[in-house]
Amino acid sequence: MTLSPASPLKVDLLLAIDNSSSMADKQDLLAAAIPTFVHRLLVPRCVDLTTHVAVPGDGAGCSTVRNSALEYPAVSDLHIGIVSSSLGGGGSLDVCVENASDTTHQNDHAHLLNRTLGTPEGTVKNARPTDGNGGNFLAWLPLSDKNNAGKEAADVNVTIYGDAPFEPETQFAADLQSLVAGVQERGCGLEGQLESWYRFLIQPDPWDHIELNTNVPPRATLVDVDATLLKMRKDFLRPDSIVVILQLTDEEDSWSDPMWLNGYGWTNRTMNFPGGPGGGAGPRGTTECDQSGNADCSSCAFPGSAKPISKQLIGSDPNCNACAGAATGCPQVGWYTPASPTTPIAAADGINVRYAQQTTRARYGFDSQFPIQRYIDGLTLPTVPDRDHESTAQRNCTNPLFVEDLPDGSDTTQGALCNGKFGTRIPRMVFYDLIGGVPNALAATPVDWTKVVGQDPEHGLLDGIDPHMRQSIAPRAGLEAPGSTYSLGSDAVSGREWNTLTSIVGIDLQYACTFALPTPRDCTAPENASACDCSGAATLSADGPPLCDPQNRTMQTRGKAYPTIRELRVAQGLAEQGAIASICPTDASGYAPAMDAFIDKLGAAFGGGGQCADASLPHDAHGNPLCTLLVMTSDASCSGPGLSVPPPDVLQAFDRMYAAELGDASSCATCPHVCALEELESGPDSVVADCSGGPPAWCDLHPQAGCADLIEVSRSAQLLGEQVLMCPY
């Protein structure tokens, strides 16, 4: 049985925020929810031990609230940083190209962001690195808190919050709101939502930039190592903290592996795909691509190559010798037609629909994106590939998420970046929370994943999926109105199906959900020119986006989200470590309910004024528990207060459990050091009312909060990592 990390809690929270052109309304909603979110982390609620009802926290460990305990230990050491979804064009010469100063933020490099709205843009003073390098995050560390005894402001490369002269929590939350607003919505429209946090937290050797060689077409090369990112990572990410990624996005993850097909990943991110007609039109898939899961599916972009199974010449395939969508004419056979309001929808293509996990391979005959499992593995496995081993998935580097002492960028040799010693964090201390494109009803707990992503999305089997979660440019079966392709009526979830050829980007996808904007947006106003869905002649049509006021179609009254399938599948793959919520709020409360639900789930993992143990915990003849509470600690000799060397059989049991969890059952070279923690009082009838004083220890409380055994660890215990209750089952 694994219990919560030792109190006090240390948390590193990374906000991964989409900064493409449709995100301003969602960023505002996130910013509005931040003060309450921060308060619940720092001042947990009190839970009545009889009724289990939660009431506001008292800021004093619930000592003034009778018969109550904290819902989880307060966070007394907190880092919060932000990365955006903009990673540039990935080598593309005509999409998401950054200028010298990158004032539109086409490439934020997965660096932690310290910018605020304004002309010129500003920064948050306390997020600046105190040594001039790294930093760019907020740190809550009240040194007056007894839980932070022995820590110093100099330990953190930013200015800490939590003590006088200003009211600390209010200022901390206000500065975080400023940073969220500073992410803005002018970034790259082909977003790297998953890659941004993977690059910052996990990639052992993040590249500095991409160069194209002189081949025709050119191949990409990943050049140098981003030392700035490495320094930010080292400053932000502690080896023994709980890590939480909170992702906010309204669109599918749209990043290509730059080294796909030996350096041609950029081709899927360009308006002028090599060999094609241009205008954003991509190549057709061969006839096998019309059959779900056919391994011979290939792309008409490579007519001189052979299909992988049949070895037939791709160029001889019927699809590669005809126009798409049975069109009577097209710019080039074997390719789609650049989208326009007059292009048949089955023949139309554009870069805005280039990335859709359900349709990309069938549509184009290839998929240039990283496997979704790569991101799940990055949050759960002790080793990951460096960039030279991505194609073979050879995990040759220690995962930075689990490294004790991260490199600071001063040494970028392979050994320095890949051979780090394991720290005390283990996978169940890492969480992924998504506010994304999914209807509210489908995000409700427990999640029916078949309705969200289909029966077997990895192999293209979408049986059982809710129609709102299908990625489609055409109206979806079950959502069109009878007798009318584009109903002017209302669908309570997505508004209605619409003519995606009336999109301002040429062609678009149907929506997963829509929601009422708190304040309608005038799309004729200059300040909204690049961030409005109801501008341009095409959108004025009555069958255009269901986001515009029917009486004034240049006024946007609703926000939107597409099915964010890849992000949702990461949350699904994380199981209990993942959580989802809809980016389409149902009322004025915005994202507050979603953020509350995330904290509730984290709190259950953190543990509270006690953690329920198994009711069948064995006891000896004298009523003493036959279990040992192990703690991960830096005290290798187990000579500290309350600590002792565990019995050999207990250590062996722990090593087996830990090695199995990390997928390394053959040895336990990566297992952390553990010590046994002294028990204050034992026996099935013992009651210890307060475990907060004295040396580190643990006690069991009987019977409270409906638990047969309620285990509490002394709040004064300065311990690392997790607590694991080892019992002779």
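Quick caveat, the model's predicted, so the values are computed rather than measured. (Residues numbered from 1 in each chain as written. Predicted model: local features only at pLDDT ≥ 70, side-chain atom pairs only at ≥ 80, totals over all residues. Heavy atoms only, no water.)

### Quick notes on the packing of helix H6 (residues 372-380) against helix H10 (residues 565-573)
Just so we agree on the cut-off: Axis definition: a line fitted to C-alpha atoms, over the contacting stretch in the case of helices. Angles run 0 to 180 degrees between N-to-C directions. We count a stretch as a helix when DSSP gives it H or I for four or more residues in a row; a strand needs E for two or more, and each element gets its number in order from the N terminus. When an angle is under 35 degrees it counts as roughly parallel; over 145 it counts as roughly antiparallel; between 65 and 115 it counts as roughly perpendicular; any other value is oblique. Working rule for handedness: look at the near helix, and if it is turned counterclockwise from the far one by less than a right angle, call the crossing left-handed; if clockwise, right-handed. For this analysis, residues touch if any pair of their heavy atoms sits within 4.5 Å.
Contact geometry of H6 with H10 gives a least axis separation of 9 Å together with a crossing angle of 40 degrees. The orientation of H6 relative to H10 falls into the category oblique. Where H6 crosses over H10, the two elements pack in a sense that is right-handed. Within the contact between the two elements, H6 uses Ile372, Tyr375 and Ile376 and H10 uses Arg566, Arg569, Val570 and Gly573.

### Some points on the sheet that holds strand S3 (residues 46-48)
Note the following rule: Any two strands are treated as partners once DSSP identifies two or more bridges connecting them.
Across the sheet, which stays open at both edges, the three strands sit in the order S4-S3-S5 with antiparallel pairing between neighbours. The two strands at the open ends of the sheet, each matched to only one other strand, are strand S4 (54-55) and strand S5 (68-70). Where S3 meets S4, two bridges bridge the pair, whose relative direction is antiparallel. Bridge pairing links cysteine 46 to valine 55 in S4.

### Concerning the pattern of salt bridges
Worth spelling out the cut-off: By convention in these notes, a salt bridge is any Lys or Arg side-chain nitrogen within 4 Å of a carboxyl oxygen on Asp or Glu. Burial here depends on accessible area, computed with a 1.4 Å probe over protein chains only, as a share of the maximum for the residue type. Under 20% is buried, over 50% is exposed, and the range in between is partly exposed.
Under the definition given, this model contains 27 salt bridges. Linking arginine 40 and aspartate 596 is a salt bridge whose minimum nitrogen-to-oxygen distance equals 2.9 Å. With arginine 40 in helix H1 (residues 24-42) and aspartate 596 in helix H11 (residues 592-606), this pair connects stretches of sequence that are 556 residues apart. According to the relative accessible area criterion, arginine 40 is buried, its value standing at 5%. Between aspartate 77 and lysine 151 there is a salt bridge; the shortest N-O distance is 2.8 Å. Taken together, the positions of aspartate 77 in strand S6 (residues 75-84) and lysine 151 in the loop between strand S7 (138-140) and strand S8 (160-161) put the pair 74 residues apart, joining distant regions of the chain. For aspartate 77, a relative accessible area of 4% translates into the label buried. Assessed through its relative accessible area of 23%, lysine 151 is described here as partly exposed. Bridged by salt links that share partners, the residues Arg40, Arg45, Glu71, Asp596 and Asp600 form one connected network.

### Brief notes about the nonpolar core
The line we're drawing: Only buried residues count toward a nonpolar core, which is a set of Ala, Val, Leu, Ile, Met, Phe, Trp, Tyr and Cys residues joined through side-chain atoms within 4.5 Å.
Within the largest apolar cluster, 65 residues are counted, with the highest numbers of intra-cluster contacts made by Leu15, Leu78, Ile82, Ile435 and Tyr591. With nine residues, the top contributor of residues to this core is H1. Residue contacts for leucine 78: discarding those within four places in its chain leaves Val11, Leu41, Leu42, Leu138, Ala139, Trp140, Phe172 and Arg238.

### Here's the deal with H6
Given 3.6 residues to a turn, an α-helix orients residues that are three or four positions apart in the same direction. Those residues of H6 that fall on the buried side of the exposure criterion are Ile372, Arg374, Tyr375, Ile376, Gly378 and Leu379. Each element contacted by the buried residues of H6 is listed here: helix H3 (193-201), strand S11 (242-248), strand S14 (383-384), strand S16 (430-436) and H10.

### Focus: the packing of H1 against helix H2 (residues 168-183)
Closest axis-to-axis distance for the H1/H2 pair is 9 Å, and the angle between their directions is 150 degrees. Between H1 and H2, the angle is such that the two are roughly antiparallel. Of the two elements, H1 crosses H2, and the hand of that crossing is right-handed. Between H1 and H2, the residues in contact are Gln27, Leu30, Ala31, Ala32, Ile34, Pro35, Val38, His39 and Leu42 and Glu169, Phe172, Ala173, Leu176, Gln177, Val180, Ala181 and Val183, respectively.

### A few points about the sheet that holds S8
Read from one edge to the other, the open sheet built from seven strands follows the order S8-S7-S6-S2-S11-S16-S20, with strand pairing classed as mixed. Strand pairing shows two members of the sheet lacking a second neighbour, S8 and strand S20 (578-582), which therefore form its edges. Alignment of S11 against S16, held across six bridges, turns out to be parallel. Residue pairing for S16: glutamine 247 is matched across the bridge by leucine 434. Those strands touched by H3 are strand S2 (9-17), S6, S11 and S16, and its axis lies near 155 degrees from that of S11.

### A few points about the state of the cysteines
The test is simple: Our working definition of a disulfide is a cysteine sulfur pair at a distance within 2.5 Å.
Applying the stated criterion across every chain, the model contains ten disulfides. Between the sulfur of cysteine 513 and that of cysteine 584 lies a disulfide, 2.1 Å long from S to S. Its S-S torsion of approximately 75 degrees makes the covalent link between cysteine 513 and cysteine 584 right-handed. Taken together, the residues span a long stretch of sequence, with cysteine 513 in strand S17 (residues 513-522) and cysteine 584 in the loop between S20 and H11 at a distance of 71 residues. For the pair cysteine 513 and cysteine 584, one class covers both residues: buried.

### A closer look at the pairing of S20
Taken across its five residues, S20 has five buried, putting it largely inside the fold. In this structure, S16 lies alongside S20, joined through five bridges in parallel fashion. From the neighbouring strand, tyrosine 432 faces S20, where its bridge partner is glycine 578.

### Considerations on empty space enclosed by the protein
This is how it is decided: For each structure, a 1 Å grid was placed over the protein atoms alone; sets of points admitting a 1.4 Å probe that cannot get out are labelled cavities, open sets with protein on both sides within 12 Å along at least five of seven lines are labelled pockets, and lining residues have an atom within 4 Å of a point. Grid points are joined across faces, edges and corners, and a volume is the space filled by probe spheres set on the points. Under the grouping applied here, Gly and all other residues not named as nonpolar or charged are polar, the nonpolar ones being Ala, Val, Leu, Ile, Met, Phe, Trp, Tyr, Cys and Pro and the charged ones Asp, Glu, Lys and Arg.
One pass over the full model with this rule turns up five cavities of 30 Å³ or more. In this structure, the largest cavity encloses a volume near 70 Å³. Contributing to the lining of the largest cavity are ten residues, with Leu13, Phe37, Leu41, Val244 and Leu602 lying nearest its centre. The set of elements that each furnish at least two residues to the lining of the largest cavity consists of S2, H1, S11 and H11. Its residues assigned to classes, the lining of the largest cavity comprises nine nonpolar, no polar and one charged.

### A few points about helix H4 (residues 227-236)
Selection criterion: Whenever a nitrogen or oxygen atom comes within 3.5 Å of another N or O atom, the pair is scored as a polar contact, on the condition that within protein one atom can donate a hydrogen and the other can accept it, and that pairs from neighbouring residues in sequence are kept only if both atoms are in side chains.
Of all the ten residues making up H4, seven are buried; the element is thus mostly covered by neighbouring parts of the structure. Of the surrounding secondary structure, the elements contacted by the buried residues of H4 are S2, S6, H3, strand S10 (220-225) and helix H7 (414-418). Near the N-terminus of H4, the side chain that reaches the backbone nitrogen of threonine 228, with its oxygen 3.2 Å away, is that of aspartate 226.

### Considerations on the environment of methionine 595
As for its position among the elements, methionine 595 is in helix H11. With 558 residues separating them along the chain, methionine 595 and phenylalanine 37 place their C-alpha atoms 6.5 Å apart.

### What about the packing of aromatic side chains?
Definition in use: Any Phe, Tyr or Trp ring, taking Trp's six-membered ring, that has another such ring centre within 6.5 Å forms a pair; planes under 30 degrees apart are called stacked, those over 60 apart edge-to-face, and the others tilted. By the criterion adopted, a ring carries a charge over it if an Arg CZ or a Lys NZ lies within 6 Å of its centre and within 35 degrees of its normal.
Evaluation of the coordinates by the stated rule reveals 14 aromatic pairs. When the ring of tyrosine 511 is compared with that of tyrosine 562, the centres are 5.5 Å apart and the planes differ by 65 degrees; the resulting orientation is edge-to-face. Separated by 51 residues along the polypeptide, tyrosine 511 in the loop between helix H9 (449-453) and S17 and tyrosine 562 in the loop between strand S19 (552-561) and H10 bring together distant segments of the chain. Comparing tyrosine 511 with tyrosine 562 shows no difference in burial state: the two are buried. Taken together, the ring pairs in this structure connect Trp260, Phe273, Trp335, Tyr336, Tyr364 and Phe366 into an aromatic cluster. For the cation-ring pair, arginine 354 lies above tyrosine 364, with the distance from its terminal atom to the ring centre recorded as 5.8 Å.

### What to know about the side chain of threonine 267
One can find threonine 267 in the loop between S11 and strand S12 (337-338). In terms of polar contacts, threonine 267 uses its side chain to reach the backbone carbonyl oxygen of tyrosine 264, at 2.7 Å. Dropping the residues within four chain positions of it, threonine 267 is found in contact with Trp260, Phe273, Pro274 and Arg354.

### As for the pairing of S11
Every other side chain in a regular strand lies on the same face of the sheet, so the side chains alternate between the two faces. Counted residue by residue, S11 has seven buried out of seven residues, so it is predominantly covered. Of the two faces of S11, the one holding Ile242, Val244, Leu246 and Leu248 and the one holding Val243, Ile245 and Gln247 are both buried throughout. Across seven bridges, S2 lies against S11 in parallel orientation. Its bridge partner lying in S11, aspartate 12 is registered against valine 243.

### Some thoughts on unusual backbone geometry
Threonine 119 connects to proline 120 through a cis peptide bond whose omega is 0 degrees. Among the structural elements, proline 120 can be located in the loop between S6 and S7. Going from threonine 445 to proline 446, the amide bond is cis rather than trans, its omega being -5 degrees. Tracing the chain through its elements places proline 446 in the loop between helix H8 (440-443) and H9.

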